[in-house]
Amino acid sequence: MTVLDATMGPLLIGVILAAVMYGVSCSQMYYYYTRYPRDPWHIKLLVTAVWTTDSIHQALISHSVYWYLITEYGNPTALTLLSKTIIVEVFFNAFTGLFVQSFFAARVWKLSGKKLYLVIPVGILVAGEFSVAMAYSIKALYLNTFVDLVQIKGLSISINAFAAAGDVTIAAILCTILHRSRTGFSKSNTLINRLMVFAVNTGLLTSVCACLSLITIVALPNTFVYICFFFLVGRLYSNSLMATLNARKSLRENSSNELSVSLRDIQPAASTNLSNLPYSMQRRGAEGIAIRIDTTKESKHDGEEHSQYESSDKRPVEV
């Protein structure tokens, strides 16, 4: 393996994969705005902010690769220098992570019934990751070469450690809250299980990517493999947010069900004597009683302070 294979190779691969995932996030954003036009303004603002930081980050890392491989082609010395755009991109990656993790932290706050002892640890991890990323970026701006990055290697490790810990903590808390919300009914438990799997998957991808970046920076310090994974963290954050928002209608539709009850097998009490009833009531009792059961579905949308109620179909059920 040559020096370029271990340095510019992973850098180029990271930019290509990030561009693919950026395209996925753009399609998800278009889907969101066309299917959820009535979402609260602050949720729409969050989506726009995440897409903006994601777009700027993609432009910066693309410029970095272009500068190394095209602008400075044939200049080996330039490959050792730190491009300003490859440092500034850390700022926007940090803001993407902050926006998305804050959204999930707010979800923990609402679902937990505003319990501080669950939200505070998440807030500390999210703020810690953002603060360390800002410190890393500011210090890196005063460095000249990749070799100089060794001076702030500890900060780079801390960024990935905070990111992995924050994502795992959020997923664990959400799964715990959902698990305790089981009702004992098979359909509601099935929906809760789906939500738990969804929460784990959205947090798993970002935490695994952060862990891989952490492992490679320690195991392969003379390569840029860790930068490849770091480029992808921001895309995973934006896609996890959009996937969470876009999955709401499908989950809500699957949760709608028709309630039906049958009492045919229930035997009348020994003291009940149908012969004492009028003939018309005896006939109705023999044929079955028609009972109409009205069910109500309650759904709470992200960002709304009050619940919206939708009446389900009212159909007579013969029992």
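Right, let's walk through the structure included here. Everything numeric in this text was worked out from a predicted model, so none of it was measured.

### Section: the overall build of the protein chain
Alright, step 1. When helices and strands are counted, the protein chain shows 10 helices and 4 strands.
Alright, step 2. Its helices and strands in sequence order give the protein chain the pattern α-α-α-α-α-α-α-α-α-α-β-β-β-β, from N to C terminus.
Alright, step 3. In the protein chain, which comprises 319 residues, the share counted as buried stands at 41%.
Alright, step 4. Once local pairs closer than 6 in sequence are excluded, the contacts in the protein chain between residues at least 24 apart make up 75%.
Alright, step 5. Total accessible area on the protein chain is roughly 17,900 Å²; 65% of this is exposed by carbon and sulfur atoms.

### A word on the nonpolar core
Alright, step 1. Of all hydrophobic cores here, the largest spans 67 residues; its most connected members are L11, I86, F146 and L149.
Alright, step 2. Elements represented by at least two residues in this core include exactly α2 (8–35), α3 (41–71), α4 (84–111), α5 (116–140), α6 (153–179), α7 (186–219) and α8 (225–246).
Alright, step 3. Among the elements that make up this core, the one with the highest residue count is α8 (11 residues).
Alright, step 4. In contact with L11, not counting residues within four places along its chain, are V65, Y68, I86, I227 and F231.

### A short note on the environment of L205
Alright, step 1. Looking at the element boundaries, L205 is found in helix α7.
Alright, step 2. In sequence terms L205 and D167 are 38 residues apart; their C-alpha atoms lie 9.1 Å from each other.

### Digging into the side chain of N246
Alright, step 1. Its location among the elements puts N246 in helix α8.
Alright, step 2. In contact with N246, other than residues within four places in its own chain, are Q28, Y31, Y32 and Y36.

### A closer look at α2
Alright, step 1. Taking 1.5 Å per residue, 28 residues should reach 40 Å; α2 reaches 41 Å between its end C-alpha atoms and fits that length.
Alright, step 2. For α2, the set of buried residues is M8, P10, L11, G14, V15, A18, M21, Y22, S25, Q28, M29 and Y32.

### Some thoughts on the packing of α3 against α4
Alright, step 1. α4 packs onto α3 with a crossing angle of 155 degrees between their chain directions and a minimal axis gap of 9 Å. By the angle class used here, α3 and α4 are roughly antiparallel. As for how α3 packs across α4, the hand of that crossing is left-handed.

### Things to note about empty space enclosed by the protein
Alright, step 1. Summed over the entire model, instances satisfying the criterion amount to 4 cavities of 30 Å³ or more.
Alright, step 2. For the largest cavity, the calculated volume is near 180 Å³.
Alright, step 3. Every residue lining the largest cavity is counted, 16 residues in all, and those nearest its centre are E89, V90, Y136, Y226 and I227.
Alright, step 4. Where the lining of the largest cavity is concerned, the elements lending two or more residues are α4, α6 and α8.
Alright, step 5. Its residues placed into classes, the lining of the largest cavity shows 12 nonpolar, 3 polar and 1 charged.
Alright, step 6. Considered as a void within the structure, the second largest cavity measures approximately 120 Å³ in volume.
Alright, step 7. If you trace the second largest cavity, you find 16 residues lining it, with N93, A94, E129, I159 and F230 closest to the centre.
Alright, step 8. Elements with a minimum of two residues in the lining of the second largest cavity: α4, α5, α6 and α8.
Alright, step 9. For the lining of the second largest cavity, the per-class residue count stands at 10 nonpolar, 5 polar and 1 charged.

### Concerning the layout of surface pockets
Alright, step 1. A volume near 440 Å³ is recorded for the second largest pocket.
Alright, step 2. Taken together, 18 residues form the lining of the second largest pocket, with F146, V147, P221, N222 and F224 sitting closest to its centre.

### Regarding the packing of aromatic side chains
Alright, step 1. Across all of its chains, the model carries 8 aromatic pairs by this definition.
Alright, step 2. Between the aromatic rings of F95 and F130, the centroid separation amounts to 5.1 Å while the plane-to-plane angle is 70 degrees, which identifies the pairing as edge-to-face. Taken together, the residues F95 in helix α4 and F130 in helix α5 connect sequence positions 35 residues apart.
Alright, step 3. Aromatic pair F103 and F104: ring centres 5.3 Å apart, planes at 70 degrees, arrangement edge-to-face.
Alright, step 4. Residue class for F103 comes out buried when judged on its relative accessible area of 9%.
Alright, step 5. An aromatic cluster of at least three residues, connected via ring pairs, comprises W67, Y68, F146 and F224.
Alright, step 6. Lying over the aromatic face of Y36, R248 brings its terminal NZ or CZ to 4.3 Å of the ring centre.

Conventions we followed
- Residues numbered from 1 in each chain as written.
- Predicted model: local features only at pLDDT ≥ 70, side-chain atom pairs only at ≥ 80, totals over all residues.
- Heavy atoms only, no water.
- Helix = DSSP H or I, 4+ residues; strand = E, 2+ residues; numbered from the N terminus.
- Buried < 20%, exposed > 50% of the residue type's maximum accessible area, 1.4 Å probe, protein only.
- Contact = heavy atoms within 4.5 Å.
- Areas by Shrake-Rupley, 256 points an atom, 1.4 Å probe, with all protein chains shown as cover.
- Core = buried A, V, L, I, M, F, W, Y, C linked by side-chain atoms within 4.5 Å.
- Expected span 1.5 Å × (residues − 1).
- Axes fitted to C-alpha atoms, helices over the stretch in contact; angles between N-to-C directions.
- Parallel < 35°, antiparallel > 145°, perpendicular 65-115°, else oblique.
- Left-handed = near helix turned anticlockwise from the far one by under 90°.
- 1 Å grid on protein atoms, 1.4 Å probe; cavity = no way out; pocket = protein on both sides within 12 Å on 5 of 7 lines; lining within 4 Å.
- Points joined across faces, edges and corners; volume = space filled by probe spheres on them.
- Nonpolar A, V, L, I, M, F, W, Y, C, P; charged D, E, K, R; others polar.
- Phe/Tyr/Trp six-rings, centres within 6.5 Å; stacked < 30°, edge-to-face > 60°.
- Lys NZ or Arg CZ within 6 Å of the ring centre and 35° of its normal.

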